[in-house]
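Listed here are the chains, written in short residue letters.
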Amino acid sequence: MYGLLHYETGTLQDMGPGWFPYVTSVALIILGGIEFIRSILAKEIVCVNFKLKIPLYITALIIAVAYAWPYIGAVPAIGLLMVSSGFINKDYKARWFFLSWAFIVILLLVFKYVLGMSIVLWNT
Amino acid sequence: MEYLILGIDTVFSNYNWLYCIFGIVLGTLVGVLPGLGPTATISMLLPVTYALGPIPSIIMLAGIYYGSQYGGSTTAILLNTPGESSAVMTCIDGHKMTQNGKAGPAIFAAGFSSFIAGIFATLLLVTLSPLLSVLALQFGPAEYCALIALGFLSVGILTTGDIFKGLGMCFIGVLIGTIGTDIQTGVIRFAFSYELENGIAFPIVAIGLFAFAEIIKNITKDQINELYKGTIQLFPSKEEFKRIIPPSIRGSLIGSLLGLVPGGSSTISSYAAYAVDKRFGNKKVVYGEGAIEGVAAPESANNAASQTGFIPLLSLGIPENATMALMLGALLLSGIIPGPDIVSREPQLFWGLAISMLFGNLLLVILNIPFIKLWVTVLRIPYNTLYPVILAICCLGIYSIHYNINDLVITAVLGLFGYIVVMLRLEVAPLMLGLILGPMLEEYFRRAMMFTEGSFAIFIERPIALVLVLIAIVLVVIGIINTFKRK
């Protein structure tokens, strides 16, 4: 619907950039409508137990690391991601963190010096 | 026979076999690492091929290409993270097999079925190349549209068993696929303030919806243990080995035929092979619950398609995807012009490539069998140690695609969306198909409508398109009946 409002739809012969997204959204709305009716008519109700605290934390963590990455470089950014995600679990140990971080640093060195990727390892 | 000897002679002279081994090992590695696909690897190696010459170059690049198809399946099976778009279907039964303690047989099935497909496709390449290239030319915009629509329907119905939910997921994928520059008008759609002119790359969506969602799902569990706690089977039993062969042959046939159709055919073929096998394959097993057939069918199909994809590339100069376009570039750089007469004009290149594929596929199985034990060891690492590493490798892979932090942000949001989708017991595979094929459907549909001045008659007037449309209609009817029966 956003496509319909912001992009020209054109005709079937000469389609504009909004035609295809518009038709796809209409199809999606129809399918959604059918599913809505089916769910109302359903005799059996299934409850889904969503646990949103950890999923939201992980999502926010990746976004925060993504924005910090250009300022601190890849090695600290990845380390930050690993330590902050690892310690969600109380059994996570500092030894494991350092071992796996060392592995990632080796991988980063391979990416940069063997494959020639332009990754900033450490931003001073 | 004379040509086969020429091919063998080409592979085993001038260290060409070494380039083949280098290609498949590198291909397997880039297939395993999410985000770093064969396209990026080949583009980095393109300057090297200029110095190597056409034959070693194409042998090495082909090795990278089909090696990555195999490597992509390993992470799909073990970690539910498809390294390649063609490995999405392998996740369904492959990862379920891992959860059932059968990671070894699943990896073996992926390798062995790819080997069967490799032999099948290579034989097809050497025997039917001129004839099949003519068949490929029969496909116009209408046929492509009908084929893609058929793909949507078959995957939508057969992976979820519910046509409405399956198609709904497909259309969400199609909508995500519309993000980026509209090819015909140059208008940038749905980019908002992000740098999304080129759309959202496949690895971003795949890692978000599969890997991140899987990690989130696992760590929200009350108890985090190993990926699998019991005894892990390393190799398939005699009975399982026998079960690999029929779906591999069916998958090889489907993949070989669809490989001739330019445009993401190794992905389409893996979806088609899974759908066909689920419908007509072994009725005694439950697909989606860890059936070895569900690994063998898509894996053989994507490998066969990636090899027969060389037929339109060499005889017509039509690359089936971006990776093949780079290989075409490497050939052109070396002064080789593809054409229908390439077999007679460049027999050493053609037969050398064909035999190198046979050799490479055999090597893939031999080299990877000892690695099964190593790969399976990953499952023994406590998950609470493993998931930060997987998360880090995924982020690294995504960042290295465009060196853009927005890609990471999008993947994180898609990960949360993927978790919700998994919790609602919806299938992600149709969404991935919609994302991959949606832009192609739009392009071909627009072309078809432009040719016919907005008339749908083209879908009836052209025989191949008509047959595909009729099959699609039958599928819709079957899908609706099955959905309401299930209820």
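Computed from a predicted structure; not experimentally measured.

About the criteria used
- Residues numbered from 1 in each chain as written.
- Chains lettered and ligands numbered in written order.
- Predicted model: local features only at pLDDT ≥ 70, side-chain atom pairs only at ≥ 80, totals over all residues.
- Heavy atoms only, no water.
- Contact = heavy atoms within 4.5 Å.
- Salt bridge = Lys/Arg side-chain N within 4 Å of Asp/Glu carboxyl O.
- Polar contact = N/O pair within 3.5 Å; in protein donor to acceptor, adjacent residues only side chain to side chain.
- Helix = DSSP H or I, 4+ residues; strand = E, 2+ residues; numbered from the N terminus.
- Nonpolar A, V, L, I, M, F, W, Y, C, P; charged D, E, K, R; others polar.
- Buried < 20%, exposed > 50% of the residue type's maximum accessible area, 1.4 Å probe, protein only.
- pLDDT = per-residue confidence, 0-100.
- Core = buried A, V, L, I, M, F, W, Y, C linked by side-chain atoms within 4.5 Å.
- Domains from an automatic or database assignment.
- Phe/Tyr/Trp six-rings, centres within 6.5 Å; stacked < 30°, edge-to-face > 60°.
- Lys NZ or Arg CZ within 6 Å of the ring centre and 35° of its normal.
- 1 Å grid on protein atoms, 1.4 Å probe; cavity = no way out; pocket = protein on both sides within 12 Å on 5 of 7 lines; lining within 4 Å.
- Points joined across faces, edges and corners; volume = space filled by probe spheres on them.
- Patch = residues over 30% accessible without salt bridge, like charges linked within 9 Å, V, L, I, M, F, W, Y side chains within 5 Å.
- Areas by Shrake-Rupley, 256 points an atom, 1.4 Å probe, with all protein chains shown as cover.
- Disulfide = S-S within 2.5 Å.
- Axes fitted to C-alpha atoms, helices over the stretch in contact; angles between N-to-C directions.
- Parallel < 35°, antiparallel > 145°, perpendicular 65-115°, else oblique.
- Left-handed = near helix turned anticlockwise from the far one by under 90°.

Novice: Where do I start with the interface of chain A and chain B in this structure?
Specialist: The extent of an interface is frequently quoted as the accessible surface area lost upon association of the parts. Facing 56 residues of chain A, the contacting portion of chain B comprises 62 residues. Between chain A and chain B we count one salt bridge in total. Salt-bridge contacts for Arg38(A) lead to Asp162(B); the nearest nitrogen and oxygen are separated by 3.1 Å. For the pair chain A and chain B, the number of links is 10 residue pairs in polar contact (both at pLDDT 80 or more). When residues of the side of chain A that touches chain B are traced back to their parent elements, those giving at least two are helix H1 (2-6), helix H2 (19-41), helix H3 (53-72), helix H4 (74-86) and helix H5 (94-114) of chain A. By residue class, the composition of the side of chain A that touches chain B is 40 nonpolar, 12 polar and four charged.

Novice: What is the right way to look at the pattern of salt bridges in this model?
Specialist: Side chains that differ in charge, positive against negative, can pair when their charged atoms come close. All names here are of chain B. Tallying each qualifying case throughout the model produces 11 salt bridges over all chains. The closest approach of N and O atoms between Lys-102 and Glu-240, which form a salt bridge, is 2.8 Å. In this pair, Lys-102 is assigned in the loop between helix H5 (88-99) and helix H6 (103-137) and Glu-240 in helix H10 (residues 238-258), connecting sequence segments 138 residues apart. For Lys-102, a relative accessible area of 25% corresponds to the partly exposed category.

Novice: Is there a simple way to explain the confidence of the model for chain A in this structure?
Specialist: Low pLDDT marks stretches whose predicted atomic positions should not be read closely. Per-residue confidence for chain A averages 86 on the pLDDT scale, and 95% of its residues sit at or above 70. Ranking the elements of chain A by mean pLDDT puts H1(A) last with 69 and H3(A) first with 93.

Novice: Mind showing me how you'd approach the nonpolar core here?
Specialist: Most often, soluble globular proteins keep nonpolar side chains buried together rather than apart. Of all hydrophobic cores here, the largest spans 124 residues; its most connected members are Trp69(A), Phe212(B) and Met432(B). Broken down by element, the residue count for this core peaks at 13 residues, all from helix H17 (residues 383-402) of chain B. In terms of domain composition, this core takes at least three residues from each of domain 1 (2-41) and domain 2 (53-114) of chain A. Ignoring sequence-local partners within four residues, the contact set of Phe212(B) consists of Ile62(A), Ile207(B), Leu391(B), Cys394(B), Cys395(B), Ile398(B), Thr411(B), Ala412(B) and Gly415(B). Ile59(B), Met60(B), Leu78(B) and Ile116(B) belong to the second largest nonpolar core, which has 62 residues in total.

Novice: Honestly, the packing of aromatic side chains in this entry has me stumped. Any pointers?
Specialist: All chains considered together, the criterion is met by 17 aromatic pairs over all chains. Following the ring pairs from residue to residue traces out a cluster consisting of Trp19(A), Phe445(B), Phe456(B) and Phe459(B). Between the NZ or CZ atom of Lys112(A) and the centre of the ring of Tyr113(A), over which it lies, the distance is 5.8 Å.

Novice: Help me understand the environment of Ser39(A), please; the structure alone is not making it clear to me.
Specialist: Residues and elements named next belong to chain A. Following the sequence through the fold, Ser-39 ends up in helix H2. Assessed through its relative accessible area of 48%, Ser-39 is described here as partly exposed. Between the alpha carbons of Ser-39 and Phe-87 there is a distance of 40 Å; along the sequence they are 48 residues apart.

Novice: Explanation requested: empty space enclosed by the protein in the structure shown.
Specialist: A probe as big as a water molecule, rolled over the atoms, marks out the empty space that is left. Residues and elements named next belong to chain B. Under the criterion given, the structure shown has two cavities of 30 Å³ or more. Of the pockets and cavities examined, the largest cavity occupies roughly 60 Å³. Contributing elements (two or more residues each) for the lining of the largest cavity: helix H4 (54-79), helix H9 (202-219) and H17. The element best represented in the lining of the largest cavity is H9, accounting for four residues. As a volume, the second largest cavity reaches approximately 40 Å³. Contributing to the lining of the second largest cavity are Tyr-70, Ile-107, Phe-108, Gly-111, Phe-112, Val-365, Asn-368, Ile-369 and Ile-372. Listing elements by their share of the lining of the second largest cavity, those giving two or more residues are H6 and helix H16 (347-377). A breakdown of the residues in the lining of the second largest cavity according to their chemical character gives seven nonpolar, two polar and no charged.

Novice: Can you walk me through a nonpolar patch on the surface in this structure?
Specialist: Side chains of Val48(A), Phe50(A), Leu52(A), Leu56(A), Ile420(B) and Leu424(B) sit close together on the surface and give an oily, nonpolar patch of about 450 Å² of accessible area. Within the secondary structure, Leu56(A) is located in helix H3. The exposure class of Leu56(A) is partly exposed, given its relative accessible area of 46%.

Novice: It is not clear to me how the state of the cysteines should be interpreted in this structure. Could you clarify?
Specialist: Covalent bonding between the sulfur atoms of two cysteines defines a disulfide. All names here are of chain B. Within the structure shown, the criterion is met by zero disulfides over all chains. For Cys-170, which is in no disulfide, the shortest distance to another cysteine sulfur is to Cys-145 and amounts to 15 Å. Sulfur of Cys-394: no disulfide; nearest cysteine sulfur belongs to Cys-395 and is 7.0 Å away.

Novice: Please clarify how the environment of Gly290(B) should be interpreted in this entry.
Specialist: Residues and elements named next belong to chain B. Turning to its location among the elements, Gly-290 is positioned in the loop between helix H11 (265-280) and helix H12 (293-308). The buried category is assigned to Gly-290, whose relative accessible area is 18%. Counting along the chain gives 198 residues from Gly-290 to Ile-92, while the straight-line C-alpha distance between them is 7.6 Å. Not counting residues within four places of it along the chain, the set of residues in contact with Gly-290 comprises Asp-93, Lys-96, Met-97 and Asn-100.

Novice: Can you walk me through the packing of helix H8 (residues 163-177) of chain B against helix H19 (residues 429-451) of chain B in this structure?
Specialist: Packed helices, taken two at a time, are described by their axes: the angle between them and the distance between them. Residue and element names in this part refer to chain B. As a packed pair, H8 and H19 sit with axes 6 Å apart at the nearest point and diverge in direction by 45 degrees. Viewed along their axes, H8 and H19 adopt a mutual orientation that is oblique. For the element pair H8 and H19, the recorded crossing hand is right-handed. Contacts between H8 and H19 involve Gly-166, Met-169, Cys-170, Ile-172, Gly-173, Val-174, Ile-176 and Gly-177 on the former and, on the latter, Pro-430, Leu-431, Gly-434, Leu-435, Gly-438 and Pro-439. Residue composition of the contact of H8 with H19, by class: nine nonpolar, five polar and no charged.

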